[in-house]
Amino acid sequence: MSKGNKHKMSKEIQSEKDQDKDVLNNEKPEEAPSREESTETAGPEEETIESRLARSEAEVADLKDRLLRQMAEFDNYRKRTMKEKAEIILNGSAGVITDILPVIDDLERCIANSAKSEDFSALKEGIELIFNKLMHTLEQKGLEKISPKNEPFDTDFHEAIAMIPAPSEDLKGKVLDCAIDGYKLNDKVLRHAKVAVGE
């Protein structure tokens, strides 16, 4: 190879090297994407986490609102039931009294007529009718008389006020006399019967 050719070839090689250097110098290293860019180009996984968080916050707000409404409704319900209970206590006997009013009317008529009449048998009969009417009215309301003569003594319904000798063995422990009748209202004892028990 001649000197000219060698020289020409080394120049070509040198120019190729220079071109490679220029290319390398012009290329800048890739910069890491900024936070804003990375947020904008976030992957689908990050988007679902953010949407889940937003959805959870909305659910919490909805549940909180519902809880507050339920608490307010319950408070109103409690106040209303307390008011109704107080009204029932105050006016609970109104029904019974209304049913007894006709008996009171009969008693007033009986008293007015007793001053004019001298027929005591008619007066007695009128009083008995009024008494039976009153008892019938109270029985309809659940009142029941406890009149336990000759029944076994029972502390749930009877109160012993005296112990007397039993005339026979089979009457021992039984009620021989009832001084004052007792009363039950719907199976609840209002007053125990006051009795004398055989011993």
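Below: a short report on this structure. This structure is a prediction, so every number in the text was calculated from the model and none was measured.

**Notes on the packing of aromatic side chains**
Now for step 1: A complete count under the given rule lists one aromatic pair for this structure.
Now for step 2: For the pair F74 and Y77, a centre-to-centre distance of 6.5 Å together with 35 degrees between the ring planes defines the contact as tilted. In this pair, F74 and Y77 both sit in helix α3 (residues 44-91), three residues apart, roughly one turn of the helix.
Now for step 3: Assessed through its relative accessible area of 54%, F74 is described here as exposed.
Now for step 4: Taking relative accessible area as the criterion, Y77 reaches 44% and is therefore assigned partly exposed.

**Observations regarding helix α5 (residues 120-140)**
Now for step 1: With 21 residues, α5 extends 30 Å from end C-alpha to end C-alpha; this agrees with the ideal 30 Å at 1.5 Å per step.
Now for step 2: Where α5 is concerned, the buried positions are I130, M135, T137 and L138. Projected onto a plane normal to the axis of α5, the buried residues spread over an arc of 160 degrees and lie on a single side. In α5, those exposed residues whose orientation departs by more than 90 degrees from the buried face are S121, L129 and Q140.
Now for step 3: Looking at the buried positions of α5, the neighbouring elements they touch are α4 (94-116), β1 (143-146) and β4 (182-185).
Now for step 4: With its phi angle positive at about 105 degrees, G142 sits one or two positions after the end of α5.

**As for the nonpolar core**
Now for step 1: In terms of nonpolar packing, the biggest core is built from six residues, these being I146, V175, C178, A193, V195 and V197.
Now for step 2: By residue number, the principal contributor to this core is strand β6 (residues 193-198), which donates three residues.

Calculation rules
- Residues numbered from 1 in each chain as written.
- Predicted model: local features only at pLDDT ≥ 70, side-chain atom pairs only at ≥ 80, totals over all residues.
- Heavy atoms only, no water.
- Phe/Tyr/Trp six-rings, centres within 6.5 Å; stacked < 30°, edge-to-face > 60°.
- Helix = DSSP H or I, 4+ residues; strand = E, 2+ residues; numbered from the N terminus.
- Buried < 20%, exposed > 50% of the residue type's maximum accessible area, 1.4 Å probe, protein only.
- Expected span 1.5 Å × (residues − 1).
- Arc of directions from axis to C-beta.
- Contact = heavy atoms within 4.5 Å.
- Core = buried A, V, L, I, M, F, W, Y, C linked by side-chain atoms within 4.5 Å.

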